[in-house]
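Chains, contacts and geometry: an overview
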Amino acid sequence: MQQRALLLSALVAVAQAQQAGTQKSETKPSLTWQKCTASGCTDQSGSVGIDANWRWVHSTSGSTNCYTGNTWDATLCPDDETCATNCALDGADYSSTYGVEASGESLSLTFKTGSNVGSRLFLMEDDSTYQIFKLLNQEFTFDVDVSALPAYENNKAGAKYGTGYCDAQCPRDLKFINGQGNVDGWEPSSNDANAGVGGHGSCCAEMDIWEANSISTAVTAHPCKEAGQTMCEGDNCGGTYSSTRYAGTCDPDGCDINPYRMGNESFYGPGKTVDTSSKMTVVTQFITSDGTATGTLSEIKRIYVQNGKVIANSASDITGVTGNSINSDFCTAQKEAFGDQDVFAQYNGMSGMGEGLEQGMVLVMSLWDDHYANMLWLDSNYPTDATATDPGVARGTCGTDSGKPSDVESASADAKVVFSNIKVGPIGSTYSS
Ligand SMILES: *[C@@H]1O[C@H](CO)[C@@H](O)[C@H](O)[C@H]1NC(C)=O
């Protein structure tokens with residue numbers, strides 16, 4: 001059973017960073033994507049850049065590691081500011097170090113390469129600019145094969161070296177945030193040899209277009225009080241990395257549609273209606289109230305195309321919740337039916353998410369495992385101590401003891417995902433049966 005998930009999420013762009021190293025050249029793999037209109041699609045030449053967290057970070061003057069395993073060098077990095085001054089992010093060897101291969105319109109990510117685990121890549125407009133998508137009244141489409149899954153001023157690295165990541169968990173495992181190190185308060189992880197949690201987090205609205213493996217899939221909208229990137233402090237960040245999940249200014253849970261969680265156990269998986277044993281096309285539409293790009297986000301709709309057949313998302317089978325798309329009524333009803341705290345509404349729900357989409361978002365593609373909850377929120381019964389038959393608890397067929405990073409990293413090291421044929425355009429322009 002595959003327990004790995006992929007995340008294709010769109011994030012608000014921020015450009016900020018540290019020093020740039022010169023020990024290795026930075027040559028990003030090219031990735032072609034397409035812009036569509038009613039009369040057809042045209043190729044766009046882009047590339048992918050790996051996130052700063054995966055890069056070698058070393059002394060600006062030489063090659064001494066600033067960060068080794070899950071700890072900072074105390075001399076080079078005594079505090080956040082000094083660390084940013086003393087340390088440089090360097091170029092990446094995409095294929096041999098990180099298992100990232102791009103060819104034409106296709107991107108392949110391998111789970112484990114040598115000692116490296118997973119990767120997180122941004123779609124670039126050019127070598128030093130993230131591609132910004134404005135998706136209101138547009139649709140975003142890609143093909144995926146999951147069958148092999150079980151303006152800060154210290155700005156020399158910037159988007160070229162993959163800094164600026166943020167999401168609605170307000171991640172505190174980032175090594176650099178807003179041009180400074182995340183050294184102060186850093187605690188090495190007890191179960192991840194490569195990660196830790198620092199005193200700052202990086203928040204922004206997050207649209208999870210695709211968090212999935214071959215067993216389960218979820219599409220999730222996570223609004224924040226402020227859609228754009230903000231830096232938060234310690235446990236006040238909330239989210240996964242803090243002891244106080246709801247203390248921050250983002251919605252760490254989001255409003256999600258996972259067909260299995262919504263009561264349809266036969267829709268997504270190997271041999272099911274959407275068959276994860278072969279490639280599929282995934283369409284996500286961002287519909288506005290007035291059918292224009294300046295309207296308010298009213299609905300996020302998912303459609304699949306597989307073997308020439310257009311497949312509507314499965315409808316909710318949960319008492320009190322109707323429909324097969326994310327909208328205000330669906331989200332309110334779902335939170336009530338599942339007994340979940342409605343943090344989504346607290347951060348203005350659909351209109352909060354719409355603000356993020358209006359500002360523009362960056363596409364992030366990653367393959368990862370989960371040292372906090374073993375991915376059980378995606379594909380098992382979660383929380384694990386809840387009654388599995390209560391609405392909202394069952395999310396997939398994986399066991400509650402599955403998905404441990406130590407297991408998946410040894411048993412499924414060569415797992416991979418291929419994303420291809422990324423297309424963006426007006427509603428209905430990016431796919432056909
Ligand atoms: C699951 O979804 C499929 C496709 O929409 C549908 O044909 C089937 O009846 C649904 N099953 C349940 C139990 O809701």
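Please refer to the structure placed before this passage.
Residues numbered from 1 in each chain as written. Predicted model: local features only at pLDDT ≥ 70, side-chain atom pairs only at ≥ 80, totals over all residues. Heavy atoms only, no water.

Thoughts on the overall build of the protein
How we decide: Secondary structure counts use DSSP, requiring at least four H or I residues in a row for a helix and at least two E residues in a row for a strand, with both numbered from the N terminus. Atoms counted for the radius of gyration: C-alpha only. Globule rule: 2.2 Å times residue count to the power 0.38. Under the scheme applied here, a residue whose accessible area is under 20% of the maximum for its type counts as buried, over 50% as exposed, and between as partly exposed, the area being computed with a 1.4 Å probe on protein chains only. Under the convention used here, a 1.4 Å probe and the Shrake-Rupley method define accessible areas, while residue burial counts only the protein chains that appear. For the purpose of counting charges, residues Lys and Arg are taken to be positive, whereas Asp and Glu are taken to be negative. His and the chain ends are not included. Charge placement uses NZ in Lys and CZ in Arg. For Asp and Glu, CG and CD serve respectively.
Along the protein, the regular secondary structure elements total 7 helices and 32 strands. Scaling as 2.2 N^0.38, a compact globule of 433 residues should have a C-alpha radius of gyration of about 22 Å, and the protein matches this with 20 Å. Projected onto the principal axes, the alpha-carbon positions of the protein cover approximately 60 × 50 × 40 Å. Across the 433 residues that make up the protein, the buried fraction comes to 59%. Accessible surface for the protein amounts to roughly 16100 Å². Of this, 45% is attributable to carbon and sulfur atoms. Averaging the coordinates of the 25 positive side-chain charges in the protein and doing the same for the 52 negative ones gives two points 5 Å apart.

Concerning helix α5 (residues 349-359)
Residues that lie three or four places apart on an α-helix share one face, since the helix turns once every 3.6 residues. G349, M350, G352, M353, G354, G356 and L357 are the residues of α5 that are buried. Looking at the residues trailing α5, positive phi occurs at G360, about 105 degrees.

Here's the deal with the site of the ligand
Filter applied, for reference: By convention in this text, a residue qualifies as near a molecule or strand provided that one of its non-hydrogen atoms is within 4 Å of it. In protein, a polar contact requires one atom able to donate a hydrogen and another able to accept it; more generally it is a pair of N or O atoms within 3.5 Å, and residues adjacent in sequence count only if both atoms are side-chain atoms. Each residue gets one of three labels, nonpolar for Ala, Val, Leu, Ile, Met, Phe, Trp, Tyr, Cys and Pro, charged for Asp, Glu, Lys and Arg, and polar for the others, Gly among them.
Surveying the vicinity of the ligand reveals the residues N264, F267, S314 and D317. Between the ligand and N264 there is a distance of 2.3 Å, counted from an oxygen atom to a side-chain nitrogen or oxygen. Coverage of the ligand by the protein chains reaches 47% of its 360 Å² of free accessible surface. Counted by class, the shell around the ligand contains 1 nonpolar, 2 polar and 1 charged residues.

Quick notes on the sheet that holds strand β8 (residues 87-89)
Put simply, the rule reads: Strands qualify as paired when DSSP identifies two bridges or more between them.
Here we have 3 strands laid out as an open sheet, ordered β2-β8-β5, and mixed in their pairing. Of all the strands in the sheet, the pair left with one neighbour each is β2 (19-20) and β5 (57-59). Taken together, the 2 bridges between β2 and β8 define a ladder with parallel strand orientation. Bridge assignment links Q19 to a residue of β8, and that residue is A88.

Regarding empty space enclosed by the protein
This is how the line gets drawn: Cavity and pocket criteria rest on a 1 Å grid covering protein atoms alone: a 1.4 Å probe that fits but cannot get out defines a cavity, protein on both sides within 12 Å along at least 5 of 7 lines defines an open pocket, and an atom within 4 Å of a point defines a lining residue. Grid points are joined across faces, edges and corners, and a volume is the space filled by probe spheres set on the points.
Here the largest cavity defines a volume of roughly 50 Å³. Lining the largest cavity are D51, A52, N53, G162, T163, G164, Y165, L174, K175 and F176. Partitioned by chemical class, the residues of the lining of the largest cavity number 4 nonpolar, 4 polar and 2 charged.

Brief notes about the nonpolar core
Stated formally: The term nonpolar core refers to a set of buried residues drawn from Ala, Val, Leu, Ile, Met, Phe, Trp, Tyr and Cys, joined through side-chain atoms within 4.5 Å.
With 64 residues, the main nonpolar core has F140 and W210 as its most contacted residues. Judged by nonpolar contacts, the second largest core, of 14 residues, contains W72, L76, F176 and W186.

Nothing here speaks to function; it is all geometry.
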